[in-house]
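# Descriptive analysis of the structure
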Amino acid sequence: GGRSEGLASCFGTAIGGFLHVLAAALGLSLLIAQSALAFAVLKYLGAAYLVYLGIRLLVRKEAAFAVKAVRSQGARRALLEGIVVEALNVKTALFFLAFLPQFVAPADPLVPQLVLLGSVCVTLNTLVDVVAVFTADRLLRSGPARAVRARLMTRASGFTLLGLGAWLALARREG
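In what follows, the accompanying structure is described.

Here is what the cut-offs are and how they apply
- Counting from 1, residues in each chain are numbered in the order their sequence is written.
- Residue-level local features of this predicted model are given only where pLDDT is at least 70; pairs of side-chain atoms are given and counted only at 80 or more, and the full residue set underlies all totals for whole chains, interfaces and linings.
- Excluding hydrogens and water, the side-chain values take into account all heavy atoms of the structure.
- Every helix listed is a DSSP run of H or I at least four residues long, and every strand listed is a run of E at least two residues long, numbered separately from the N terminus.
- In this scheme, a helix's expected span is set at 1.5 Å multiplied by one less than its residue total.
- Summary of the burial criterion: residues with accessible area below 20% of their type's maximum are buried, those above 50% are exposed, and those between are partly exposed, where the area comes from a 1.4 Å probe applied to protein chains only.
- Any pair of residues with heavy atoms lying within 4.5 Å of one another is described as a contacting pair.
- Only buried residues count toward a nonpolar core. Its members are Ala, Val, Leu, Ile, Met, Phe, Trp, Tyr and Cys residues joined through side-chain atoms within 4.5 Å.

Bringing helix α1 (residues 2-26) into the picture now. Between its first and last C-alpha atoms α1 spans 36 Å; for 25 residues at 1.5 Å apiece the expected length is 36 Å, and the two agree. Where α1 terminates, the next one or two residues include Gly-27, which has phi positive at roughly 90°.

Along the chain, the position of Glu-81 falls in helix α5 (residues 75-87). A relative accessible area of 16% places Glu-81 in the buried class. If we ignore the near neighbours within four places in the chain, the residues touching Glu-81 are Tyr-49, Leu-53 and Arg-56.

Turning to the nonpolar core, a few remarks are in order. Ranked by size, the top nonpolar core spans 9 residues in total: Ala-14, Val-21, Ala-24, Ala-25, Phe-96, Leu-100, Val-104, Leu-114 and Val-122. Breaking this core down by element, the ones donating at least two residues are α1 and α7 (110-141). With 4 residues, α1 is the single largest residue contributor to this core.

Moving on: the environment of Gln-113. With respect to the secondary-structure elements, Gln-113 resides in helix α7. Look at Gln-113 and you get buried, because its relative accessible area is 16%. Remark: the alpha-carbon pair of Gln-113 and Ala-25, spanning 88 residues in sequence, is separated by 8.3 Å. Setting aside residues no more than four positions away along its own chain, Gln-113 makes contact with Phe-103, Val-104, Ala-105 and Asp-108.

Structural data, given as structure tokens:
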């Protein structure tokens, strides 16, 4: 149910994060950072997708909070959505481009160092996400107020995604 979808989403964002690590290691992030058009296209695609996901959560009918409706989305879809959201997140690409080079040894091969450092970042972030999934699952597992908690968490998630999408769309390019 919800836990398997949440975990699938975590692993999807991890895969998307690893794509950014590889892009940073291979220099694609630098290309995006230097190209205003590429930056804008990825930024607005990512923002639009976050807003879409937020709206989709907010317009769910009450019946969507039932266990069967949550399961109907499927872990595969959650995995794919996690990959798309993270892969279109330009801020992640720029983060790796700006952050990782500070910790490399210039005398050693650059690509393996960037891959290792980026992988550590993605792994730690994914572990935090997994803890959040198990915590949410525990809060929603039982009790008479389960539907109310589920509705509140869904609404909070929807508004968070809308806010992140708006923030991403309005963020100015630095540099």
